[in-house]
Structures are given as structure tokens and as C-alpha cells.
There are 2 protein chains.
Amino acid sequence: MRYLILSAIFLCLAMGSLAQSNNYIRYVNPLIGTQKMGHTYPGATVPFGSVQLSPDTDEQPHNIGGKYNKNAYKYCAGYQYDDRSIVGFSHTHFSGTGHSDLGDFLIMPTIGELQLEPGSREDTSTGFRSAFSHSNETAEPAYYKVRLDDDNILAEMTATTRVGFHQYTFPASDNAHIILDLMHGIYNYDDKNVWTFVRVENDHTIVGYRQTNGWARTRTVYFAMEFSKPFTSYGFKNFGKEDYKGFWRKFDQTKNFPEMAGKQLRAYFDFKTAANEKIQIKFALSPVSTDGAMANLRSEIPDWNFERVKREGQAAWNRELSKVAVTMLDEGEMTNFYTAMYHAFLSPTVYMDTDWQYKGLDQNVHKAAGFTNYTTFSLWDTYRALHPFLNLIQPTRNRDMIRSMTAHYDQSVHKMLPVWSHYANENWCMIGYHSVSVLSDSIVTGNLVGAEANKALNAAAQTARTKYYDGLEYYMKLGYVPEDKNSSSVSKTLEYAYDDWAIAQAAKKLNRTEIYNEFIKRSENWKNVFDSSTGFMRPRMNDGTFGKNFDPLKTEGQGFIEGNAWNYSLYVPHDPDAMIAKMGGKAKFASHLDELFTMHLPDEFFAETEDITREGIIGGYIHGNEPSHHVAYLYNWTDAPWKTQERVRMILKHQYHPTPDGLGGNDDCGQMSAWYLFTALGFYPVAPGSGQYALGSPAIKTAVLKLENGKTLTIEAKDQSEKNVYVRNVVVNGRALNRNYLTFSEVTNGGKIVFEMDDKPLR
Amino acid sequence: MRYLILSAIFLCLAMGSLAQSNNYIRYVNPLIGTQKMGHTYPGATVPFGSVQLSPDTDEQPHNIGGKYNKNAYKYCAGYQYDDRSIVGFSHTHFSGTGHSDLGDFLIMPTIGELQLEPGSREDTSTGFRSAFSHSNETAEPAYYKVRLDDDNILAEMTATTRVGFHQYTFPASDNAHIILDLMHGIYNYDDKNVWTFVRVENDHTIVGYRQTNGWARTRTVYFAMEFSKPFTSYGFKNFGKEDYKGFWRKFDQTKNFPEMAGKQLRAYFDFKTAANEKIQIKFALSPVSTDGAMANLRSEIPDWNFERVKREGQAAWNRELSKVAVTMLDEGEMTNFYTAMYHAFLSPTVYMDTDWQYKGLDQNVHKAAGFTNYTTFSLWDTYRALHPFLNLIQPTRNRDMIRSMTAHYDQSVHKMLPVWSHYANENWCMIGYHSVSVLSDSIVTGNLVGAEANKALNAAAQTARTKYYDGLEYYMKLGYVPEDKNSSSVSKTLEYAYDDWAIAQAAKKLNRTEIYNEFIKRSENWKNVFDSSTGFMRPRMNDGTFGKNFDPLKTEGQGFIEGNAWNYSLYVPHDPDAMIAKMGGKAKFASHLDELFTMHLPDEFFAETEDITREGIIGGYIHGNEPSHHVAYLYNWTDAPWKTQERVRMILKHQYHPTPDGLGGNDDCGQMSAWYLFTALGFYPVAPGSGQYALGSPAIKTAVLKLENGKTLTIEAKDQSEKNVYVRNVVVNGRALNRNYLTFSEVTNGGKIVFEMDDKPLR
């Protein structure tokens, strides 16, 4: 009795403190970005959680008969808002990526005759798929609920870091089933499943794994699953062709036989249910073993209290979101802001068991020595703003992410830092070696120090010297990547040059003169692809000549990747002054930018890339993809910084909406959202590693940043309004700032920064 | 200088002690059994070693287009003596099995133009395969040598427990290669490779793994490989269809790219060689990880001294072989004896890393707590004589094998002891649950005691109660397996009954009355399938009637497996007296046995089974397969034990020859050889678990058994000769033995047993 009272008091205190410290999760709408090209998922997850338990509305194969299936792209996160049926709920999802994988372990509750095929979108009665409607759907941080109309089953889910918690409310049925589909996946295809394995340990416990060959070449996810109530019988069907060669016909393995293995398995578990009976499932993941998954399950959710797990998950979200407490002009903007922050805190995801073990890039099991190991590094995207945002608001996590990257380096047979890595695999996606930017930003800002910083720098330099990587040998010899030897050569040259500059900045900070000299020299290589005759960056050949048939509006075959010369030519974030000088000086450059923002980009050019929609484009400026994310800030280096202020407010307004179709392009593991966050706060890291933020125009009214160093920074936008997008003056702790950038330490030293807003530009 | 002298002295001492303690390895011919159906392999291995590094002469697929390929059966051990070419040298082989798997990681040295296909048997120049001849071939314990004629390369190999050591002597070549073939395997087929993975760590080190779905459903073997000299370049070809989906065309992965993965890979490493230059390879295996394999490599062979490793491997063999020191009538018999002992000490094989970690049946990594973990338990075969032989001569190893079996039980989702298990998998081969016999034999003889014995007994009883296993539910309900519900029902009933008796014996020893009562009752179930109208064991139906169309010569469809009613009806090893009574008494039974040994078995009947050749048959008695291995000893239960003496000497003489075709059937992981060993020593365990050995007729002149308890037993066959096959008298430590069996303790208490031989039977 006394215990119960004490528990009740604790409960009240916990809930009270949530109420007291402001409820930010009510501003989060996980459905934002689930329509069109945002590629976000609406399901349940905790900050940086390993489990993303989310509904999948379809499972388009990535390729059919070896040919790429264009419909797959929409389903990078498994869910499309326009769909009217749900296939089931799987446990792993990327947020916002432009290529995909995962979708492991689909769970689906049904009643009536057992159906082991998903059935058609058009007639959900043909399979275990169910119709649903958004009116019966709720998506919150760490909580997702939907009514499955076909069988009138209420599905609810929440999660801890490593465990998904399902709760299904059934109607009365003598014939209820829960399907465990190991064939299902995102970007699946016939032979993606290399092997799957299931053991039914007892009448309520199942373990197993799924091993795939997809975007991650050699990936295995282990699971342990517990039902809140014993099943009455179970079985599986192998849709693949391999049989159990050692079976000797001793068993009927399809029914109540506790071992299943093969490439294409769907298992099912039978129940009898009373009306409104809840069946719960705890589903734990591990990168190491089924034993690891079971230990994760036991340690993270020892009981069957769905409400407590949900409450704690939401409290965890509120803690993270409250690190930046803002007021804005209206609720819609608040929703944009906190949903952006939610999306920014989804990945990289924790990738280790509760005993700190994880699978490394070398496929061996490692123990994270004093750090949390993370995976899913979409670095071509996230080095730009997401990691700088984490470096500012989550420096401890960001440091552990860097430790995860250097562990990757140690395990890499190439001795390279991650390019785009997930689940103990390097998928090599996109270009550059932008890990070095993340490292440099952390070193330059003093977050990564000492032996660890030096080790990271060595890894960065070694990565940038990998001759056989993507044209690097040519780049080191010629000072640029020749297009006739390696395509997308201009994009590569430009990004290598920035990365090299970032390495040099870290070297300077650590007094490593040799590395500094080596890479500061390389950082000027962008000049080698500038063609003064056209005023654009332009592909060069191995013999030194520029490429023919140059069209600065086109992307394909023009030396660029996911961007044309109009956008990519502006990619010298580490030396805009020199770039502007080459492009004809400040005035000419400002006009050039104006033209970019106002020109018409014909459909034929942007249609080449699947990563953006028409909505993600402003004139010729493409916000829906990353290469131009710094561009609106470049007016700061001309005599018209007010145009930056105008543009960024316009982009905030037009590219982010508090609606399912609210993102104009892939969120890309939080990069699109991190752009929003910085920009809404009034500054942006044009060149991570510089220790500087270019000023923009804040969209917040007030913001309080609770920093990990214990200090608090208050940002105030005085006279904030929709019209007052221009910044008349910036006052840092009472002193006017006579430049258009803030330093990292000005922000992290705390105090107050006041932006005085105006409806007229300060020309 | 002083160091060198000391080393030389040690060397002399080591070699001297080998010479002094008798060189038994010179009597071992690993080629015995490599012709026809012995299914042994000639390559290099140490006693119970994890690595069996041996030439493969062909790689017949187990099935072609889903249909069984009859040619595969010959290649269960990879090598057939009649072949004239070698495909390469792989690292894992079963010895003597009648079904197969393994053949992992084929290595082949070549010169000249690189060939990545094995080529044809008829024209070896079409691939990397090479012609060879037996005149250039040497097979010894822990050493194999052959000249590869195509490229004039001398191949030599030796091994430690976990590391194969190759030494190739090349001619001068600018274009020498060593091929690492991950597609190769024994009982292979197109999709047997689930996944293979290779990392080139540096210019002389490679690691990786091979994961297969074969007889073992889910098996992975990891490796680490080091060359004695750096390669100049390397590459691979993927013969499968999957591409590296994450590659983004950044690399040419086929050449000097250090990561390879896929299902059908062959890698190669290029060298330049001087005339007679030796390139050595250390190739370590692990059941756990590539890290584990590398640690095994480093700890077992830290240097490049091929001669030392060979010498130590051979010294290890000599230590094991000298545990039974015999003299026999001629060198041929000595060769039969020590080769049998060699074959008996090949498996079960060590299955754990040097840090005691291994992969368990649950696919998790376990640590062997205070015991050596073993795998490859061919129990339907080896419970009969091999494990009893190990229980006598190698009780420590046999106890660790039992600990490995109970660990298997602990990890089993079925809670069953192994049936036929290998490499962390249960393949369920053949019938019964004969682990219980091995456990019982060890418990009854006092080798397994205390809590461990009780735990083993519990596991045995639980195994025998697994209702869904192979007709057991019927057996428990009806007292027999009904043929209309489960085929081979008579064989199953008979073997279950013996196994149940074995459980009861262990229970009696441990005073576990309940278990004793339960299983002693079950042990009488053999009576339920005896048909007094025919005098044979005969299949019964679920309704209690006997099966129709009964033919005691036939096997197929007659209720038996790998044996007919003539042979299998005699399978009541635990109660021959009762069986003989049912069959009409001693005299009638002796005549019945005479008829078995002298009848003509038409080809059509024995041709049904692929496990034996015509040579493995004497009359209707089939020695080439296991079910009758106790039969010749059954005359001991009649008034004509001299017929046992006559028959067993005849079988020794006719079924074992010191030649490649010297085995009349599969050696079956040492069972055929263990029959030889016991029989040659003069006694045989008709019913393991009885603590008794039936007397036969020794073929040795003298034998000295050096027992682990420190005692020594000398056996002398007085007046031994080819004609003196009859035993006039047996004297145990000076006292005449007035019965025709020895007890376990009479043997293990040491002293002397004299068999007085005669050329006339004692009627």
C-alpha cells in the first residue's frame, strides 16, 4: 500500500515536471514529410533510437528482374501518406533518405482465415494488409496509433532505444493471428534476403535474425520477441525454394515446429481473443546476437506497462526538444520548428547492445570503449548543418558519433572514415569524404580535444589520401578530378577542396603544420575547375582542357551530381571571397545570385533527379537537395546581406509547412530540418570547421538554448513579424556586432543576442 | 651460436624420443579407404583437429537442378583414389561419412595465364585443376605431399588443430598465382553458398568467411590466411549474379580492391617466383569470427617453420597411437591396426577457438566452461564402438565430447541431445537418439560422475520424451512405431528400445529409480515388433496388425533403414538371451546366424543402399554398414562362441586391407575402424552401457594399453597365428575367466589378459 502511494507520487512528479517544463512534443507532427518526397516515417521511436517502429503502406521492390523499379523511391521510409492501406509495422526505418534499405521484421495482427500474402492495395481483403484512414490515426513522438479497418483491430506502438512495444486491441475471435513477416523489407527484391532464422523458444518467446544483401552489402539484424500472452499454435510458410536438407522427413516443420530458416519466410502465431482484449509484443533488436536482443529486451522493458514506456519515451523527447525553447509567430511555425528538431534528433541511431557490444565494419563484434556507438551516417547531407547543430546543442552525442566514425576507420580495410555508412557497412553513397568536416567542426570548436582529436585528424588525413577512392589519385596529381576519367568530376573536385580545407583547419587548431600545409594547398583546387570564359565551374579533361557541350542548366553528363553548374558553381564555402572575385566581384555576384533565385528552370532539367519535387525549387535554386543549402547565405559576402535575410525567410516560409506534404525534398536524416533550425534561429554554418555562423534572419520571436556547458543563450528577435524580415542590428550581450557572422564561442558563452528586426532592408 | 647448439640438442632429443617410443605413424596409411566406398581423405590433420587440409579430386554437385546427382556420393571426402587430377586443397573434410558437406576454402597454386575455372577432368589444361600421379604422392599423419604435374608445383601440407599450413614449391615464373576458391565445396550446389566475404587486410593477410545452407542448415566458417611473401596484385571474379549495390561505380572492385562479397567468388593472388621458391600459407579456421581465426593463427603457428609444425603434428599422432602398442602377425596387419586407430582419432573434431569461444546450436557465441568443445557427432554410427573405444582409451576426450553434447542440449530449442550434429547444426541424420548410449556408457563405467552425470541423464531422458520426434509419440503410446504413420518403423522401434535400456542403466547407476522404471519398461518394446510367425522383426501398423508383403531380404518399404529384416531383426543388443528365446532357442538361433553368413544376397537387394559395396558383404551379413556390427558376437549367447571367434577373424581378414580400397564400406567417422580395433584386441562392446565386452578372437600378438588412470593392460594372444583363430582359454591376471565377456573394470584395472589360441574350436 505504501509502495503504491509512493509510486503514485513519483508518477505525479514525473508528469508534473513534464507539464512544468513545457510540453514541446505537442508541436511535433511526425506525419510531416510523409507525403510526396520528404521520406520521413510516422511511427514510434525515441531520440536517436535503434528501433523505428512504423507502419509500412507498401513494399515496392527496389528492382524487378534486375531493373530498377521507379515506384520504390516513394517508399524509402515505408509509408506514403496518400496510401489507404497498411501492410504491417516494421522495426527499422531511415528518416528522409533518398535511397533505402531496412524495414526489418514486419508485424501484422489479423483475425479470421489465416492469410500469408499481403494482398493487393486495391482489395485489402485479398491478404493480411488492412485499410486504414487518417481520421483513425495518431502520430506523436514515441507513439503511433491506427485502427486497422479490415479486422477492426486497434494498433498502438511505442518504443525504447532498442525495443519496440506493440499493443493490439482485438475484437472477440477464435481465430486471431499475429504475422511475423521476414520477407518484408524496404528496397527489397527477390534475393535481398540472404538468410533468415527463427527459433520459437517457448509459447510466448521468439528469437531470430534477418541477413540481407542490399544497400548494406552484408547486414544482419537480430531480434528477440515476447508476447504478453501465450499463443495456442504457430507455423510458417517458406516462400523460397530451399528445403531443409538435413530434415530427413522426421518432422512436419510447417506447424508447431520451433525452428525455421530460409530466405523467404512468413511465420504466424494463433490466439483466441476476447472482445477488446489487448495482446502486447515487445520486440528487441540487436546488431550482435539473439542473446544480445534478449538482454536488450529484458533490460529496457522488464514489464508489460505500455503506458509507462510511452510516457517515458515522450518525456525523453521533451527533454531533448526543450534544449531549444522557442516562441514563434504562430503555432504552425512552432510545429515546423519542433518537428524539424524531432527529425534532426532521429539519426544517427544508437548501434550497440546494452552491454556496449556491436558489430563492426569488419563483421567482428566490438565493445564500445566508453562511448555510445552510432550508425546511419548520411554524411554528404548531414555534415552541412545537422552535425554542426548537434555540435552546438548535443556536443556529447556528436562527440560519440565521431568516436563511432573513428572506430569505423579503425575497422575499415581501406583505412577510411565513413562516407555513407549504416549497420556495420559502408554503402559509399554520394561523393566526398565529409566525415572530415564533422571532425574538424568538433575540433575547431574545442569539443574534441587532445589525443582523441589528433587521432581523428590522422584518420581524416589518411582518408583523404586514399588514392583508389573515386578519382582521388587524379585529384592529388592534377589538382582536379578529370571528367574523362571519373564522372561528376566538378562536384568531386569542389567537395574535396572544401573537405581538405576542413582538415587544414583542424590541423591548424592542433598545431599539426605538416598536415595543415598539405591540405590547405589542396583546398585551393576548386580554382582548377573554374572556367572564367563562362563564369561557371566546368568539367576539365585529363589533358587540361574544359569539357565540350557545356550547359550550366543541365546536371546529367555535365560533371555534376544532383545539381547543375548554376547551383554547384557556388560551392566554395570555405572561401566565398575568392570565389566571388573570380566570378567578377561582389556586385556581379549578387546579380548572379538574384538570377539563380528568379530564373526559370525547365522541367526537363530538374526532372533528371528524383530527389526533389517542383516544390523544392525556387527559380533555379534547389532547396530540396543539399548542394545549395549554403547559397542563400552567400549574399553576406556581397554588399547586400539583406538579400540573404529576405531569401532565407522566404525559403523558411515556402519550403517548410506543418502538413504531411510540408517538406520540399528528402529530409535526408535531418539535414533539411537542421537547415530550418539554424536558419530559424538566425544564423547558419556556411563552412563547418570555420567556427563561424553566417547571419541570416531569425524566424523565432525568442529562443533559449540550454547548452551542455551549463550556459544559456537567449536569442530575441525584436519586433519580429512576417514583414520584419530584415535585420537592422545585432547586439551580443549589449554590444553591437559589426560583422555579419557569429562565432561559435559567442553562441556557447551564453548570454543574450538581440536581432533588431525591420521591414526595410539596411542597404 | 650457443642458442643454435641448444636448439639442435632439443631437436635431437625430440626426434630421439619419437624414435625411442616407437614410431607408429609409419604404420598409418591415410590413403586406406580413399578408393571405392571408404570415404576417407588422405590429407593433413592432427588428432581430432578442426582443420582437415586435403586434396579434392573433384567437386560433383550434390544435386543438379534440384535432382540428386548420384556421382556426388563418391566424393563425400572430396578425394577418390582412381582420379587423376586434383582441383585443389580445401580445409574441412568429414572422414568416412555417407552424406556430406564442408570442403571449405580451396587453395590451388598455378603458373601462367590465370585460369579461374577448374577445367575438365579429361583435359586439365582447361582450368586450374592439375594432373597428378600416386607415384608423386605421399600421405602421412599430419603431412601430405603431391606434385602438381600441370605446372610442376610441389604441394606440401601439414596442420595444427586450427591451422592448415601449405608449402608450395614453384618453378621460376613471372606469372604465379594462388587461387582461393570460395565457391568450391563438397556436396555443393548452386545456392549452397548463402554468403561469402573476403577482406584483404594487407599485402599478405586475408580474412573472411563462408556461410552455407547444406546438410548443416545454417553454417558459417571464418578464416584468416597469411602468405609467407607479399603478393604483387590480386583480384577476384564473382560468378554469381548479385552486384555490390552500394558501390556507386566508385571503384574497380575486381582488381586490387580489398573487399569482396557475394555468393560465388574465386579470388587470386599474383606472385613472381624464382626456381624452387617456396611460398607458404597459414590458413586458420574459426567457428566464431575472423578475429578468432586470426588469434588461432597467431597462437598456433607464430612463425614460418613448416618442418617444425609437421614434426609436432606427427609427434602428436605418435603420442595418441602409442596408447595402444601392438605387435601383430605381419606389417599389413600393423598397418590396418594403426590406420584404424588413426581414423578413429580423426573425429569428433575440436570446435572452438583458442580462447574457448565457439558458436552454439542457437547461433550465439558461447564459451566452453572448462572443457574442449567438439563437433561432428555421427552418433548412429559411432555410439556402437567408436565412443566405447574412446571411453576406454581416451576417457578425458570422451567426457569432453559428452560435455559438448550436453551443451548442445542446453542450446537446443527442442531440448534434445545431438542426433547427428556438425558445425553448430543438427542435421537429424538417421534414426534413434544414440547420444544417450554414449552418456550411459560413460556413466555406467564411472567415467562421468556426480552432478554432471545426473545432468546428462536428465538430458537423455528428456530427449527420449520428445513427442514430435520421429514417431516417438506413437512409440510411447503403442510400444512401437507404426509403419503406416512413420516409415522405417521397425528400425526405429528396435533402436529406441536399446537406447531406452541404456538410459535405464545410467539411471540405475545413479539411483534414479523413476527414470529407471520409465525406461527399463520401454526397453522391452522390441518385443512388440517381433513376428513369431516369420521369426523376424516385422513392421506393425497403427491398428496392431503386421505389415503385408513382407520380404526379409528387402530393405526398401519393409520397415527398415539401411538394412533388411535378416540383419536388423538381430538388433536387441541389450537382451540377446530374450531375443534368442523368441527366435526358437540357442541352437536354432546359431543356425539362423550361420544362414545369414552363408546365404546369397542378390544384387538387387544390397544395391538399394549406396553405403556398401559387394566387398562389404559376407553372405547376407553386411559389414559395410553399421546395423549388424554386433551380430558376429551373438554366437556368444549360443552354445557356439567359437563361431564368433571364427567369424570375427574372417571379417577382420576380408573387410580390412592395407590398401586404398581396404575398407568395405564408409568408415563413418571411425566406427568401422573402431570395430576393427576392439575386435583385433579380442573383445567388443555389444551393448554399450552394459559395462561388458563380449569376447571374440584377438588378431594381435601382444597389445599394451596405456590407460589414462595410469595403469597398463597387457593383452597377449598366446600361439597367435593365422590358423589359430579359436580361443581355448582366457586368463585374467592369472585366473581363468569362466565366461565369455570381460568387464570394463577388468580391462581398466590393468595387469595382463592372456588369450590362449588354438586352431581347433572349443566345442
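What counts as what
Residues numbered from 1 in each chain as written. Chains lettered and ligands numbered in written order. Predicted model: local features only at pLDDT ≥ 70, side-chain atom pairs only at ≥ 80, totals over all residues. Heavy atoms only, no water. Helix = DSSP H or I, 4+ residues; strand = E, 2+ residues; numbered from the N terminus. Rg over C-alpha atoms; globule rule 2.2 N^0.38 Å. Buried < 20%, exposed > 50% of the residue type's maximum accessible area, 1.4 Å probe, protein only. Contact = heavy atoms within 4.5 Å. Areas by Shrake-Rupley, 256 points an atom, 1.4 Å probe, with all protein chains shown as cover. Lys, Arg positive; Asp, Glu negative; His and termini not counted. Charge placed at Lys NZ, Arg CZ, Asp CG, Glu CD. Domains from an automatic or database assignment. Buried area = accessible area lost by both parts, 1.4 Å probe. Salt bridge = Lys/Arg side-chain N within 4 Å of Asp/Glu carboxyl O. Polar contact = N/O pair within 3.5 Å; in protein donor to acceptor, adjacent residues only side chain to side chain. Disulfide = S-S within 2.5 Å. Least-squares fit on C-alpha atoms with pLDDT ≥ 70 in both. Pairing = 2+ DSSP bridges. Phe/Tyr/Trp six-rings, centres within 6.5 Å; stacked < 30°, edge-to-face > 60°. Nonpolar A, V, L, I, M, F, W, Y, C, P; charged D, E, K, R; others polar. pLDDT = per-residue confidence, 0-100. Axes fitted to C-alpha atoms, helices over the stretch in contact; angles between N-to-C directions. Parallel < 35°, antiparallel > 145°, perpendicular 65-115°, else oblique. Left-handed = near helix turned anticlockwise from the far one by under 90°.

Undergrad: Which parts of the structure should I look at to understand the overall build of chain A?
TA: A count of helices and strands for chain A gives 19 helices and 38 strands. Computed over C-alpha atoms, the radius of gyration of chain A comes to 26 Å, within 12% of the 27 Å expected from 2.2 N^0.38 for 763 residues, which places it in the range of a compact globule. Taking the principal axes of the C-alpha coordinates as reference, chain A spans close to 80 × 60 × 50 Å. Among the 763 residues that make up chain A, the fraction classed as buried is 68%. Of all intrachain contacts in chain A linking residues separated by at least 6 positions in sequence, the fraction that spans at least 24 positions is 69%. When the accessible surface of chain A is summed, it comes to about 25,000 Å², and 49% of that surface belongs to carbon and sulfur atoms. Both charge centroids of chain A, one from 77 positive and one from 87 negative side chains, sit 4 Å from each other.

Undergrad: Would you take a moment to explain the domain arrangement of chain A for this structure?
TA: How large an interface is tends to be reported as the accessible area lost when its parts come together. All names here are of chain A. Segmenting chain A into domains produces domain 1 (16-319) and domain 2 (322-758). Between domain 1 and domain 2, the C-alpha centre-to-centre distance is 34 Å. Tallying the contact residues gives 58 residues for domain 1 and 55 residues for domain 2. Interface of domain 1 and domain 2: buried area, both sides summed, is about 4,600 Å²; carbon and sulfur atoms make up 59% of it. Considering only the side of domain 1, the residues that lose the most area to domain 2 are Tyr27, Ile32 and Phe48, jointly responsible for 20% of the buried surface there. Linking domain 1 with domain 2 are zero salt bridges. Along the contact surface separating domain 1 from domain 2 lie 28 residue pairs in polar contact (both at pLDDT 80 or more). When contributions to the side of domain 1 that touches domain 2 are tallied by element, the ones reaching two or more residues are β15 (219-227), β19 (277-286), α2 (290-300) and α3 (306-321).

Undergrad: Honestly, the side chain of A:Asn625 in this entry has me stumped. Any pointers?
TA: Relative to the helices and strands, A:Asn625 is located in the loop between β30 (621-622) and α17 (641-655). Within the structure, A:Asn625 has its side chain in polar contact with the side chain of A:Glu562 (distance 2.6 Å).

Undergrad: What exactly am I supposed to notice about the state of the cysteines here?
TA: Here a disulfide denotes one covalent bond, and it connects the sulfur atoms of two cysteines. All told, the structure shown has zero disulfides over all chains when counted by the stated rule. No disulfide involves B:Cys429; its sulfur sits 10 Å from the nearest other cysteine sulfur, which is in B:Cys669.

Undergrad: It is not clear to me how the relation of the copies chain B and chain A should be interpreted in this structure. Could you clarify?
TA: Each copy of the chain is related to the other by a rotation around an axis and a translation along that axis. With an RMSD of 0.0 Å, the operation that places chain B on chain A is a rotation of 180 degrees combined with a shift of 0.0 Å along the axis. The two molecules are tied by a two-fold rotation axis, judged by turn and shift. For chain B, the minimum C-alpha distance to the rotation axis belongs to B:Val194 and amounts to 3.1 Å. The residues that chain B uses at the interface reappear at the interface of chain A in 100% of cases, marking a shared surface.

Undergrad: What should I look at first to understand the pairing of strand β38 (residues 751-758) of chain A in this one?
TA: Working note: regular strand, side chains alternate between the two faces of the sheet. All names here are of chain A. Of all eight residues in β38, six are buried; the element is thus mostly enclosed. Of the pairings in the sheet, the one linking strand β34 (residues 712-718) to β38 comprises six bridges and is parallel in character. Looking across to β38, one finds that Ile715 is bridged to Ile753. The sheet contact formed by strand β35 (residues 726-732) and β38 spans six bridges and is antiparallel. Bridging across to β38, Val730 finds its partner in Phe755.

Undergrad: I tried to follow the packing of aromatic side chains on my own but got confused; where do I start?
TA: Each pair of aromatic rings is reported with the distance of its centres and the angle of its planes. Residues and elements named next belong to chain A. Applying the stated criterion across every chain yields a total of 114 aromatic pairs over all chains. A centroid spacing of 6.1 Å and a plane angle of 20 degrees characterise the contact between Tyr234 and Phe269, whose relative ring orientation is stacked. Placement of the pair is Tyr234 in strand β16 (residues 233-238) and Phe269 in strand β18 (residues 265-273), with a sequence separation of 35 residues. Exposure remark for Phe269: the relative accessible area of 0% places this residue in the buried category. Taken together, a centroid distance of 5.5 Å and an interplanar angle of 85 degrees make the contact between Phe389 and Phe678 edge-to-face. Here Phe678 lies in helix α18 (residues 671-681) and Phe389 lies in helix α6 (residues 386-393), a separation of 289 residues in the sequence. Given a relative accessible area of 0%, Phe678 falls into the buried group.

Undergrad: I would appreciate a short explanation of the environment of B:Glu756 in the present structure.
TA: Residues and elements named next belong to chain B. Relative to the helices and strands, Glu756 is located in strand β38 (residues 751-758). On a C-alpha basis, the gap between Glu756 and Asn567 in space is 31 Å, while along the polypeptide they are 189 residues apart. Sequence-distant contacts of Glu756, defined by excluding residues within four places in its chain, comprise Lys718, Tyr726, Val727, Arg728, Asn729 and Val731.

Undergrad: So what exactly am I meant to see when it comes to the environment of B:Lys554 here?
TA: Residues and elements named next belong to chain B. You can see Lys554 is positioned in the loop between β28 (536-537) and α13 (565-568). With a relative accessible area of 30%, Lys554 lands in the partly exposed category. Lys554 sits 315 residues away from Phe239 along the chain, and the two C-alpha atoms are 45 Å apart.

Undergrad: Help me out: how do you make sense of the sheet that holds strand β36 (residues 735-736) of chain A in this one?
TA: Hydrogen bonds between backbone atoms are what pair the strands of a sheet, whose relative direction is either parallel or antiparallel. Residue and element names in this part refer to chain A. The six strands are arranged β20-β33-β34-β38-β35-β36 in an open sheet whose pairing can be described as mixed. This sheet does not close on itself; its edge strands, each paired only once, are β20 (324-328) and β36. Summarising the sheet, β35 and β36 pair through two bridges and their orientation is antiparallel. Across the sheet, Val731 pairs through a bridge with Ala736, a residue of β36.

Undergrad: Please clarify how the interface of chain B and chain A should be interpreted in this entry.
TA: Of the residues lining the interface, 54 residues belong to chain B; the matching set on chain A comes to 54 residues. Here chain B meets chain A over a buried area of about 4,900 Å², counting both sides, of which 51% is carbon and sulfur. Remark: the boundary between chain B and chain A carries two salt bridges. Close ionic contact of B:Lys241 with A:Asp191 constitutes a salt bridge, the shortest N to O distance being 3.3 Å. Contributions of two or more residues to the side of chain B that touches chain A are made by β13 (193-202), β14 (205-212), β17 (259-262) and α2 (290-300) of chain B. Looking at the side of chain B that touches chain A, the element that brings in the most residues is β13(B), giving six residues. Along the lines of polarity and charge, the residues of the side of chain B that touches chain A split into 24 nonpolar, 15 polar and 15 charged.

Undergrad: I tried to follow the sheet that holds strand β31 (residues 683-684) of chain B on my own but got confused; where do I start?
TA: Across the sheet, three strands lie side by side as β31-β32-β37 (chain B); this open sheet has antiparallel pairing. A strand with exactly one partner marks an edge of an open sheet, and here the two such strands are β31 and β37 (741-743) of chain B.

Undergrad: Help me understand the confidence of the model for chain A in this model?
TA: It should be kept in mind that the predicted coordinates are not to be read in detail where pLDDT is low. All names here are of chain A. Considering every residue of chain A, the mean pLDDT works out to 94; 95% of them sit at 70 or more. Predicted confidence is poor over residues 1-20, with pLDDT under 50, and the contacts of this stretch with residues over four places away or in other chains come to four contacts. Per the prediction output, this complex has pTM 0.95; the corresponding ipTM is 0.94.

Undergrad: Honestly, the pairing of strand β12 (residues 173-181) of chain A in this entry has me stumped. Any pointers?
TA: Residues and elements named next belong to chain A. When you tally the buried positions in β12, you get seven out of nine residues, the bulk of the element. The sheet contact formed by strand β6 (residues 106-111) and β12 spans six bridges and is antiparallel. Paired with Thr110 across the strands is His177, a residue of β12. Pairing of β12 with β18 involves seven bridges; the strand directions are antiparallel. Residue pairing in the sheet places Asp181 in a bridge with Arg266 of β18.

Undergrad: Just to check I follow, could you spell out helix α8 (residues 435-444) of chain B for this structure?
TA: Since the α-helix packs 3.6 residues into each turn, any two residues three or four apart lie on the same face. Residues and elements named next belong to chain B. Across the ten residues that make up α8, a large majority, ten, are buried. By the burial criterion, the buried members of α8 are Ser435, Val436, Ser437, Val438, Leu439, Ser440, Asp441, Ser442, Ile443 and Val444. For α8, the secondary structure elements touched by its buried residues are α5 (379-382), α6 (386-393), α7 (395-411), α9 (450-463) and α11 (489-509).

Undergrad: Just to check I follow, could you spell out the packing of α7(B) against α9(B) for this structure?
TA: Pairs of packed helices are described in terms of their axes, by the angle between the two and the distance that separates them. Residue and element names in this part refer to chain B. One can describe the packing of α7 onto α9 by two numbers: an axis separation of 10 Å at closest approach and a directional angle of 55 degrees. It follows from the interaxial angle that α7 and α9 lie oblique. For the pair α7 and α9, the crossing hand works out as left-handed. Across the interface between the two elements, Arg403, Thr406, Tyr409 and Asp410 from α7 touch Glu452, Lys455, Ala456, Asn458, Ala459, Gln462 and Thr463 from α9. Counted by class, the contact of α7 with α9 contains three nonpolar, four polar and four charged residues.

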